[in-house]
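Chain by chain, the residues run as shown.
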Amino acid sequence: EPSTRTSKVVLITGASSGIGEATARHLATSGHRIVLGARRTDRIAAIARDIGQAGGQAHSRQLDVTDLDSVKAFVAAADERYGRVDVLVNNAGVMPLSFMAELRIDEWNRMIDVNLRGVLNGIAAVLPIMAEQKSGHIINVASVSGHRVDPTAAVYSATKFAVRALSEGLRQESRDLRVTVVSPGLTRTELFDGIANPEIKAGARAMVDQASIPAGAIAEAIGFAISQPDGVDINELIVRPTAQG
Ligand code: NDP
């Protein structure tokens, strides 16, 4: 009976580092069966091995969220292995901050492909399975940048506002699905390594040094949403460091 299921099948995109990795480790500790996806297969394989050695259940599979076929294959493999998909955590994301006048158009497109199209690909891949199950939980990792816009974050914010918008639309349309948006504030991860402009990168790093939370804090928030009874949908959680302005 799904409403009392305590060991859920949880698929996590972008599980090779940061929030995705922390979420995989945390949820495995709670007894859930984890499928880790990312492009860096060596990393997700090592994390899955680690989880297994600690007594948890996890396996990994190569995943590029920008490629619908890759996402479909990732979800299908999990469904074949476990016979169901309870939770999809759409976590993969990139944040190459820049001023719009720099015209880093390839980076704009990358953010749209990973942060927005990647989430849509995940939703498209799990919806038929969750519709058949008449239950499921889609957790989309947005950002404080999905609530406010700052210089250098115009396109990043645009993708995260979009994630919140599509999550709300999906929630309204789905009677059997839980849809949760988790919006992290400054979190210590590798996300800032992807900023090409050295001054912007240094500024972002300084902000993280001043005020940030560990990725595990976001993992806890995701775990909280998952642990609610089936009839209770945590719509959105914003999790900031206390000292973040
Ligand atoms: P990391 O850089 O540590 O993790 C990003 C993850 O996304 C990696 O596992 C990476 O794996 C994966 N990824 C990137 N591109 C793809 C792709 N095409 N296909 C599959 N996976 C991909 O950063 P975070 O943990 O911080 O980021 C996780 C999420 O949290 C993102 O959506 C980010 O926007 C959001 N966030 C983070 C904040 C922070 O302060 N850190 C604040 C607000 C939101 P790989 O390269 O192996 O594919």
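Within any chain, residue numbers begin from 1 and follow the written order of that chain's sequence. Per-residue local features are limited, in this predicted model, to residues with pLDDT of at least 70; the limit for side-chain atom pairs, both in listing and counting, is 80 or more; totals at the level of whole chains, interfaces and linings are taken over all residues.

Any residue whose backbone-placed C-beta atom lies within 6 Å of a molecule or strand is treated as near that molecule or strand. Around the ligand there are 30 residues in total, and Gly14, Gly18, Arg39, Arg40 and Gly93 lie nearest to it. Here the term charged refers only to Asp, Glu, Lys and Arg, the term nonpolar to Ala, Val, Leu, Ile, Met, Phe, Trp, Tyr, Cys and Pro, and the term polar to all other amino acids, Gly among them. Looking at the shell around the ligand residue by residue, the classes come out as 14 nonpolar, twelve polar and four charged.

This part takes up the UniProt feature "domain: Ketoreductase" (unreviewed entry) in the protein. UniProt positions are given in the numbering used here, feature names are shortened, and annotations may be inferred rather than shown by experiment. Residues annotated by UniProt as "domain: Ketoreductase" (unreviewed entry) correspond here to residues 8–189. Along residues 8–189, the helical share is 49% and the strand share 20%, with 26 Å between the first and last C-alpha atoms. Secondary structure elements are defined from DSSP: runs of H or I of at least 4 residues count as helices, runs of E of at least 2 residues count as strands, and each element is numbered from the N terminus.

Any two strands with at least two DSSP-identified bridges between them are counted as paired. A sheet is described by the order of its strands in space; here seven strands give the open sequence 3-2-1-4-5-6-9, paired in parallel fashion. Lying at the two open borders of the sheet, with one neighbouring strand each, are strand 3 (57–62) and strand 9 (236–239). Neighbouring strand axes in the sheet, compared pairwise and without regard to direction, differ in orientation by 15° on average. Across three bridges, strand 1 (residues 9–13) lies against strand 4 (residues 87–90) in parallel orientation. Bridging across to strand 4, Leu11 finds its partner in Leu88. As a rule, the C-alpha atoms of each element are fitted with a line to give its axis, helices using only the stretch in contact, and angles between N-to-C directions run from 0 to 180 degrees.

Glancing now at the pairing of strand 6 (residues 177–184). Buried means a residue has 20 or more other C-beta atoms within 10 Å of its own C-beta, exposed means 12 or fewer, and partly exposed covers the counts in between; C-beta atoms are placed from the backbone. Counting buried positions along strand 6 gives eight out of eight residues, so the element sits mostly inside the fold. Taking every second residue as pointing to the same face, both faces of strand 6 are buried, with Leu177, Val179, Val181 and Ser183 on one and Arg178, Thr180, Val182 and Pro184 on the other. Relative to strand 6, strand 5 (residues 136–141) runs parallel, the two sharing six bridges. By the bridge assignment for strand 6, Gly136 is matched with Leu177. If the strands point away from the viewer and the path from the first strand over the helix to the second runs clockwise, then the crossover is right-handed. Handedness of the crossover joining strand 5 and strand 6 through helix 5 (residues 154–173) is recorded here as right-handed. Across four bridges, strand 6 lies against strand 9 in parallel orientation. Residue pairing for strand 9: Val181 is matched across the bridge by Glu236.

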